[in-house]
Amino acid sequence: MTASSESKTRDLAWQYPGQEGQPFILRDDSGEIGWLIFREEPAASTGGYGGKRLLFHYSTSLHPRVTVASEEDPQHIIAEFLTCWTGGGWVSFDSGVRYRWRKAHLWGGAWCFTRMDQQASVCLSQESGPLMQGGKVRVCCGAADQPETKILLLLAWFLRIMDFEMLVGGLFRVG
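We now turn to the structure provided with this report. Along each chain, numbering runs from 1 in the same order as the chain's sequence is written. Two thresholds apply to this predicted model, a pLDDT of at least 70 for residue-level local features and 80 or more for giving and counting side-chain atom pairs, whereas whole-chain, interface and lining totals are computed over all residues. Excluded from the side-chain calculation are hydrogens and water; included are all heavy atoms of the structure.

A few words now on unusual backbone geometry. Residue P42 is reached from E41 by a cis peptide bond, and omega for that bond is 10 degrees. In DSSP terms, a helix is any run of H or I states spanning at least four residues, a strand is any run of E spanning at least two, and both are numbered starting from the N terminus. Structurally, P42 is set in the loop between β3 (31-37) and β4 (45-49).

Below, the structure is given as C-alpha coordinates:
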(Lines give C-alpha, C1' and ligand atoms only; values in the text may rest on other atoms or scores of the structure.)
Protein backbone atom coordinates (compact mmCIF):
# COMPACT_ATOMS: atom_id res chain seq x y z
CA MET A 1 0.00 0.00 0.00
CA THR A 2 1.36 3.40 -0.93
CA ALA A 3 1.77 6.31 1.44
CA SER A 4 -0.87 8.33 -0.44
CA SER A 5 -3.50 5.63 0.02
CA GLU A 6 -2.66 5.40 3.74
CA SER A 7 -3.49 9.04 4.31
CA LYS A 8 -6.88 8.99 2.55
CA THR A 9 -9.93 9.59 4.67
CA ARG A 10 -12.57 6.87 4.76
CA ASP A 11 -16.15 7.82 5.59
CA LEU A 12 -18.49 5.29 7.19
CA ALA A 13 -21.95 5.49 8.77
CA TRP A 14 -23.72 3.78 11.65
CA GLN A 15 -27.34 2.85 10.99
CA TYR A 16 -29.93 2.46 13.74
CA PRO A 17 -31.58 -1.01 13.94
CA GLY A 18 -34.76 -1.52 11.94
CA GLN A 19 -36.32 -3.49 14.80
CA GLU A 20 -35.66 -3.91 18.50
CA GLY A 21 -33.09 -6.61 19.21
CA GLN A 22 -31.33 -6.18 15.87
CA PRO A 23 -27.81 -4.72 15.63
CA PHE A 24 -26.63 -1.25 14.75
CA ILE A 25 -24.96 -1.61 11.34
CA LEU A 26 -21.70 0.05 10.22
CA ARG A 27 -21.68 0.70 6.46
CA ASP A 28 -19.35 2.02 3.81
CA ASP A 29 -19.98 2.54 0.08
CA SER A 30 -19.87 -1.22 -0.54
CA GLY A 31 -22.41 -2.16 2.16
CA GLU A 32 -22.34 -3.63 5.67
CA ILE A 33 -18.86 -3.93 7.22
CA GLY A 34 -19.59 -4.11 10.96
CA TRP A 35 -22.29 -4.44 13.60
CA LEU A 36 -22.97 -3.82 17.29
CA ILE A 37 -25.65 -5.09 19.66
CA PHE A 38 -25.83 -2.98 22.82
CA ARG A 39 -27.09 -4.64 26.00
CA GLU A 40 -27.53 -3.05 29.41
CA GLU A 41 -25.08 -4.02 32.14
CA PRO A 42 -24.22 -6.58 33.40
CA ALA A 43 -24.89 -8.40 30.09
CA ALA A 44 -22.12 -8.30 27.50
CA SER A 45 -22.69 -6.30 24.34
CA THR A 46 -21.35 -7.85 21.14
CA GLY A 47 -19.93 -6.46 17.94
CA GLY A 48 -18.09 -7.54 14.86
CA TYR A 49 -15.92 -6.13 12.10
CA GLY A 50 -14.09 -8.05 9.40
CA GLY A 51 -14.62 -11.46 10.99
CA LYS A 52 -13.49 -10.25 14.43
CA ARG A 53 -16.18 -10.73 17.09
CA LEU A 54 -15.86 -8.70 20.30
CA LEU A 55 -17.46 -8.56 23.73
CA PHE A 56 -18.00 -5.23 25.49
CA HIS A 57 -18.53 -5.12 29.25
CA TYR A 58 -19.18 -1.85 31.03
CA SER A 59 -19.96 -0.48 34.44
CA THR A 60 -21.53 2.87 35.19
CA SER A 61 -20.30 3.07 38.73
CA LEU A 62 -18.70 6.23 40.08
CA HIS A 63 -15.92 5.87 37.48
CA PRO A 64 -17.41 4.33 34.27
CA ARG A 65 -15.28 1.72 32.54
CA VAL A 66 -15.51 -0.44 29.40
CA THR A 67 -13.52 -3.57 28.70
CA VAL A 68 -13.20 -5.23 25.30
CA ALA A 69 -12.39 -8.90 24.79
CA SER A 70 -12.56 -11.27 21.84
CA GLU A 71 -15.41 -13.75 21.78
CA GLU A 72 -12.84 -16.55 21.39
CA ASP A 73 -11.04 -15.65 24.64
CA PRO A 74 -13.43 -13.61 26.84
CA GLN A 75 -11.02 -13.66 29.80
CA HIS A 76 -8.27 -11.81 27.90
CA ILE A 77 -8.93 -8.06 27.94
CA ILE A 78 -7.81 -6.56 24.60
CA ALA A 79 -8.66 -2.97 25.52
CA GLU A 80 -9.88 -1.01 28.52
CA PHE A 81 -11.55 2.39 28.39
CA LEU A 82 -11.59 4.63 31.47
CA THR A 83 -13.39 7.95 31.65
CA CYS A 84 -11.80 11.24 32.65
CA TRP A 85 -13.44 13.63 35.08
CA THR A 86 -13.07 16.37 32.47
CA GLY A 87 -14.99 14.36 29.83
CA GLY A 88 -13.97 11.72 27.36
CA GLY A 89 -11.35 9.25 28.46
CA TRP A 90 -8.49 6.94 27.55
CA VAL A 91 -8.43 3.52 25.96
CA SER A 92 -5.40 1.32 26.61
CA PHE A 93 -4.71 -1.75 24.50
CA ASP A 94 -2.92 -4.88 25.65
CA SER A 95 -0.17 -3.95 23.15
CA GLY A 96 0.60 -0.82 25.21
CA VAL A 97 -0.87 1.63 22.68
CA ARG A 98 -3.14 4.34 24.12
CA TYR A 99 -5.74 6.59 22.55
CA ARG A 100 -7.53 9.64 23.93
CA TRP A 101 -11.31 9.97 23.41
CA ARG A 102 -12.37 13.61 23.34
CA LYS A 103 -14.35 16.20 21.47
CA ALA A 104 -12.74 17.21 18.18
CA HIS A 105 -13.73 20.86 18.70
CA LEU A 106 -15.05 22.68 21.74
CA TRP A 107 -18.45 23.49 20.21
CA GLY A 108 -18.71 20.64 17.69
CA GLY A 109 -20.53 17.34 17.86
CA ALA A 110 -17.66 15.13 16.72
CA TRP A 111 -15.65 12.93 19.08
CA CYS A 112 -12.29 11.40 18.12
CA PHE A 113 -9.88 8.76 19.26
CA THR A 114 -6.40 10.25 18.97
CA ARG A 115 -3.32 8.09 19.27
CA MET A 116 -0.78 9.54 21.68
CA ASP A 117 1.88 9.98 19.01
CA GLN A 118 -0.30 10.76 15.97
CA GLN A 119 -3.15 12.87 14.62
CA ALA A 120 -6.83 11.94 14.97
CA SER A 121 -7.49 8.35 13.97
CA VAL A 122 -11.20 7.60 14.29
CA CYS A 123 -13.78 10.40 14.58
CA LEU A 124 -17.49 9.96 15.20
CA SER A 125 -20.11 12.62 14.67
CA GLN A 126 -23.82 12.39 15.25
CA GLU A 127 -26.59 14.76 14.33
CA SER A 128 -27.85 16.68 17.34
CA GLY A 129 -31.09 14.70 17.17
CA PRO A 130 -31.81 11.29 18.64
CA LEU A 131 -29.59 8.24 18.48
CA MET A 132 -32.00 6.85 15.88
CA GLN A 133 -30.47 9.14 13.27
CA GLY A 134 -27.30 7.09 13.39
CA GLY A 135 -23.83 8.54 13.16
CA LYS A 136 -21.00 9.26 10.76
CA VAL A 137 -17.51 7.90 11.23
CA ARG A 138 -14.33 9.17 9.64
CA VAL A 139 -11.12 7.13 9.58
CA CYS A 140 -8.18 9.36 8.73
CA CYS A 141 -4.49 10.03 9.13
CA GLY A 142 -3.31 6.54 8.19
CA ALA A 143 -5.49 4.90 10.84
CA ALA A 144 -6.88 2.31 8.43
CA ASP A 145 -3.67 0.31 8.79
CA GLN A 146 -3.55 0.45 12.59
CA PRO A 147 -4.48 -2.86 14.25
CA GLU A 148 -6.62 -1.02 16.82
CA THR A 149 -8.85 0.73 14.29
CA LYS A 150 -11.48 -2.02 13.97
CA ILE A 151 -11.91 -2.03 17.74
CA LEU A 152 -11.98 1.79 17.89
CA LEU A 153 -14.72 1.91 15.25
CA LEU A 154 -16.94 -0.30 17.40
CA LEU A 155 -15.89 1.28 20.70
CA ALA A 156 -16.63 4.83 19.49
CA TRP A 157 -20.23 3.94 18.69
CA PHE A 158 -20.54 1.85 21.87
CA LEU A 159 -19.48 4.91 23.90
CA ARG A 160 -22.07 7.11 22.19
CA ILE A 161 -24.81 4.55 22.97
CA MET A 162 -23.56 4.17 26.53
CA ASP A 163 -23.52 7.95 26.91
CA PHE A 164 -27.12 8.11 25.72
CA GLU A 165 -28.14 5.36 28.16
CA MET A 166 -26.35 7.10 31.04
CA LEU A 167 -27.95 10.44 30.15
CA VAL A 168 -31.39 8.84 30.15
CA GLY A 169 -30.57 7.19 33.48
CA GLY A 170 -29.45 10.51 34.99
CA LEU A 171 -25.76 9.70 35.27
CA PHE A 172 -22.89 11.90 34.10
CA ARG A 173 -21.65 11.79 30.53
CA VAL A 174 -18.65 9.94 29.10
CA GLY A 175 -18.57 11.50 25.65
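This is not the end of the story, as more comes after the structure.
So, on to the packing of aromatic side chains. Pairing of aromatic side chains requires ring centres within 6.5 Å, counting the rings of Phe and Tyr and the six-membered ring of Trp. Pairs whose planes differ by under 30 degrees are stacked, by over 60 edge-to-face, and all others tilted. A complete count under the given rule lists 10 aromatic pairs for this structure. For the pair Y58 and F158, a centre-to-centre distance of 5.7 Å together with 70 degrees between the ring planes defines the contact as edge-to-face. Placement of the pair is Y58 in strand β5 (residues 52-59) and F158 in helix α2 (residues 149-168), with a sequence separation of 100 residues. The burial state of Y58 is the same as that of F158; both residues are buried. Arranged with centres 5.9 Å apart and planes meeting at 75 degrees, the rings of F93 and Y99 form a pair that is edge-to-face. We classify F93 as buried; its relative accessible area is 8%. In textbook terms, an aromatic cluster arises when at least three aromatic residues are bridged by ring pairs, as seen for W14, Y16, F24 and W157. The cut-offs for exposure are 20% and 50% of the maximum accessible area for each residue type, with area from a 1.4 Å probe on protein chains only; residues under the lower value are buried, those over the upper are exposed, and the others partly exposed.

What follows covers the state of the cysteines. Cysteine sulfurs are considered disulfide-paired once they come within 2.5 Å of each other. Using the criterion set out here, one finds 1 disulfide in the structure. Through a disulfide, C112 is tied to C123; the S-S separation comes to 2.0 Å. Around the S-S axis, the bridge from C112 to C123 shows a dihedral of about 110 degrees and counts as right-handed. Note that C112 is positioned in strand β10 (residues 110-115) and C123 in strand β11 (residues 120-125), a separation of 11 residues in sequence. The buried category is assigned to C112, whose relative accessible area is 6%.

As a further point, take the environment of G34. Summarising the element assignment, G34 is placed in strand β3. A relative accessible area of 1% places G34 in the buried class. Any two residues having at least one pair of non-hydrogen atoms within 4.5 Å are treated as being in contact. Residues in contact with G34, not counting those within four places in the same chain, are F24, I25, L26, G48 and Y49.

To continue, consider the side chain of T46. Position of T46 among the secondary structure elements: in strand β4. Note on T46: relative accessible area 12%, which makes it buried. The contacts of T46, once residues within four sequence positions are left out, are W35, L36, I37, R39, L54, L55 and E71.

Below, the discussion takes up the pattern of salt bridges. Whenever a carboxyl oxygen of Asp or Glu lies within 4 Å of a side-chain nitrogen of Lys or Arg, that contact is scored as a salt bridge. Scanning the model with the defined rule gives 4 salt bridges in all. In this structure, R53 engages E71 in a salt bridge whose closest nitrogen and oxygen atoms are separated by 2.6 Å. Of this pair, R53 sits in strand β5 while E71 sits in the loop between β6 (65-70) and β7 (77-83), and the two are 18 residues apart along the sequence. The class of E71 is partly exposed, set by a relative accessible area of 32%. Note that R65 is salt-bridged to E80, the shortest N-O span being 2.4 Å. With R65 in strand β6 and E80 in strand β7, this pair connects stretches of sequence that are 15 residues apart. Taking relative accessible area as the criterion, R65 reaches 36% and is therefore assigned partly exposed.

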